[in-house]
Amino acid sequence: MYTTEIIDLKKERKKGIDKAAVLLREGNVVAFPTETVYGLGADALNIEAVKKIFLAKGRPADNPLIVHISDVNDVYKIAFMTDAAKKIMDAFWPGPITVVLKAKDIISDTVTAGLDTVAVRMPENEYARELISKSGVLIAAPSANLSGKPSPTTAAHVQKDLSGRIPLILDGGECDVGLESTVVDVSLNKCIILRPGGITMEMLKAVLGDVTLNDGVLSVKEIEGTPKSPGMKYKHYSPKAEVFIVEGINEDIISSKVIKNAAQDKKNGKVPAILCTDNRAKGYRDFAVISLGQNSEDIAKRLFCALREADDMGADTVYFEAISEKGIGLAVMNRALKSAAFKKI
Ligand code: TXA
Ligand code: MG
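In this report, we go over the structure that sits alongside the text. The model shown is predicted, which means the values in this text are computed figures rather than measured ones. (Residues numbered from 1 in each chain as written. Chains lettered and ligands numbered in written order. Predicted model: local features only at pLDDT ≥ 70, side-chain atom pairs only at ≥ 80, totals over all residues. Heavy atoms only, no water.)

## Concerning the sheet that holds strand 14 (residues 272-276)
- Spatial ordering of the open sheet is given by 13-16-14-15, a layout of 4 strands whose pairing is parallel. Strands at the two margins of the open sheet, each flanked by one partner only, are strand 13 (242-246) and strand 15 (288-291). The average undirected angle you get between the axes of adjacent strands in this sheet is 25 degrees.
- Of the strand pairs in this sheet, strand 14 and strand 15 are connected by 4 bridges, and their pairing is parallel. Counted as the bridge partner of Ile-274 is Val-289 from strand 15.
- The sheet contacts of helix 12 (residues 296-312) involve strand 13, strand 14, strand 15 and strand 16 (317-321), and relative to strand 15 the element is tilted by about 145 degrees.
- Across the sheet, helix 13 (residues 329-339) is in contact with strand 13 and strand 16; its angle to strand 13 comes to roughly 135 degrees. (Pairing = 2+ DSSP bridges. Helix = DSSP H or I, 4+ residues; strand = E, 2+ residues; numbered from the N terminus. Axes fitted to C-alpha atoms, helices over the stretch in contact; angles between N-to-C directions. Contact = heavy atoms within 4.5 Å.)

Quick look at the structure:
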């Protein structure tokens with residue numbers, strides 16, 4: 001058990017970064033802001049420190065971590081470069097994209113979950129980069145939520161999940177992107193998107209030409225040993241409420257499906273919540289609406305926070321209006337579908 005300290009970087013930047021740097025060097029974990037979501041960091045080359053991340057989050061040991069760097073040359077210390085990776089790094093680093101490359105021996109199986117590859121990212125957030133460079137360590141960091149919960153986009157979200165489980169949270173305000181980084185496997189010099197994010201498929205295609213999307217991004221991927229209830233294995237970003245993705249060929253059809261289902265829930269004594277843009281909220285006056293803003297960037301930024309708000313208001317069901325998969329919409333739909341265990345109506 002820890003007494004979790006929270007330091008506001010806008011007020012006490014030097015104190016916060018210095019304290020976090022010492023904790024990291026001494027083999028402890030620290031939560032810190034990035035432009036995507038908050039991370040829970042530890043010295044990537046210290047196995048005992050990395051194990052504390054898995055313990056604090058309740059994360060399964062078979063899910064590998066991303067190594068965060070502040071100097072582009074550090075990639076060469078831990079991974080074998082490819083041309084495709086170089087192009088992506090030149091175009092988008094620092095920024096919200098992670099490259100998966102063949103790992104060098106210096107990286108332990110605890111970080112890679114026994115894979116022969118390692119995920120590397122150089123964040124853009126100035127606090128994150130200052131923390132990495134001041135601490136002098138490479139920082140292994142997953143999102144700073146309890147395993148299975150929506151990723152945290154504010155320090156308050158981290159506090160809610162990890163208070164008492166970690167010594168320090170650095171508060172750098174709300175995250176800009178709001179969804180985790182794009183993860184691309186470029187280890188074989190081809191680019192496969194494993195997880196869509198702030199750097200979009202269109203942006204990657206403009207730089208690389210050929211880009212493939214992993215099957216699991218928009219549908220439940222059939223893999224060997226898939227459990228009978230795939231939801232158990234694939235449900236992530238989950239609030240307590242049951243989430244449904246509402247699709248339709250036009251907005252009227254979506255509205256009527258949402259209203260029909262939410263009204264039925266109310267009749268059954270359940271509390272439904274509707275996640276939609278401000279513009280669409282007008283159609284749902286009889287129900288609790290959680291606003292996602294105006295456009296797909298806003299939706300990306302607010303989605304995880306909205307799922308947490310649904311819990312706070314005691315919602316039993318959540319209806320999320322499907323959006324176009326163009327641009328960052330692909331990442332939004334990927335996270336929304338996962339939070340719904342791929343249930344669509
Ligand atoms: O934006 C982000 O990426 C945030 C911030 C903190 O940087 N981090 C983050 O970490 O989202 P996490 O652990 O929540 O997600 C990492 C993802 C997981 O889906 C993991 O399976 C994948 O990256 N990953 C990590 N190493 C991998 C590898 N060697 N091969 C394939 N996938 C890998
Ligand atoms: Mg995560």
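Read on for the rest.
## Things to note about the pairing of strand 6 (residues 97-103)
- Among the 7 residues that make up strand 6, 6 are buried, leaving the element largely enclosed by the rest of the structure.
- Sheet analysis places strand 5 (residues 79-80) next to strand 6, joined by 2 bridges and oriented antiparallel. Opposite Phe-80, over in strand 6, you have Lys-102 as the bridge partner.
- Across 4 bridges, strand 6 lies against strand 10 (residues 182-185) in parallel orientation. By the bridge assignment for strand 10, Thr-98 is matched with Val-183.
- Of the pairings in the sheet, the one linking strand 6 to strand 7 (residues 117-121) comprises 5 bridges and is antiparallel in character. The residue bridging Val-100 from the neighbouring strand is Ala-119, located in strand 7. (Buried < 20%, exposed > 50% of the residue type's maximum accessible area, 1.4 Å probe, protein only.)

## A look at the site of ligand 1
- Around ligand 1, a shell composed of 24 residues is seen, among which Thr-36, Arg-59, Asn-63, His-68 and Ser-181 lie nearest.
- Asn-63 has a polar side-chain atom sitting 2.8 Å from an oxygen atom of ligand 1.
- Between ligand 1 and Ser-181 there is a distance of 2.6 Å, counted from an oxygen atom to a side-chain nitrogen or oxygen.
- Protein coverage of the free-state accessible area of ligand 1, which is 690 Å², stands at 87%.
- Listed by contribution, the elements that provide at least two residues to the shell around ligand 1 are strand 4 (66-68), strand 7 and strand 11 (192-195). (Near = heavy atom within 4 Å. Polar contact = N/O pair within 3.5 Å; in protein donor to acceptor, adjacent residues only side chain to side chain. Areas by Shrake-Rupley, 256 points an atom, 1.4 Å probe, with all protein chains shown as cover.)

## Some remarks on the packing of aromatic side chains
- A full pass over the atoms with the stated rule returns 1 aromatic pair.
- Positioned above the aromatic ring of Phe-80, the side-chain terminus of Lys-104 is 5.0 Å from the ring centre.
- The positively charged end of Lys-343 is found above the aromatic ring belonging to Phe-244, 5.3 Å away from the centroid. (Phe/Tyr/Trp six-rings, centres within 6.5 Å; stacked < 30°, edge-to-face > 60°. Lys NZ or Arg CZ within 6 Å of the ring centre and 35° of its normal.)

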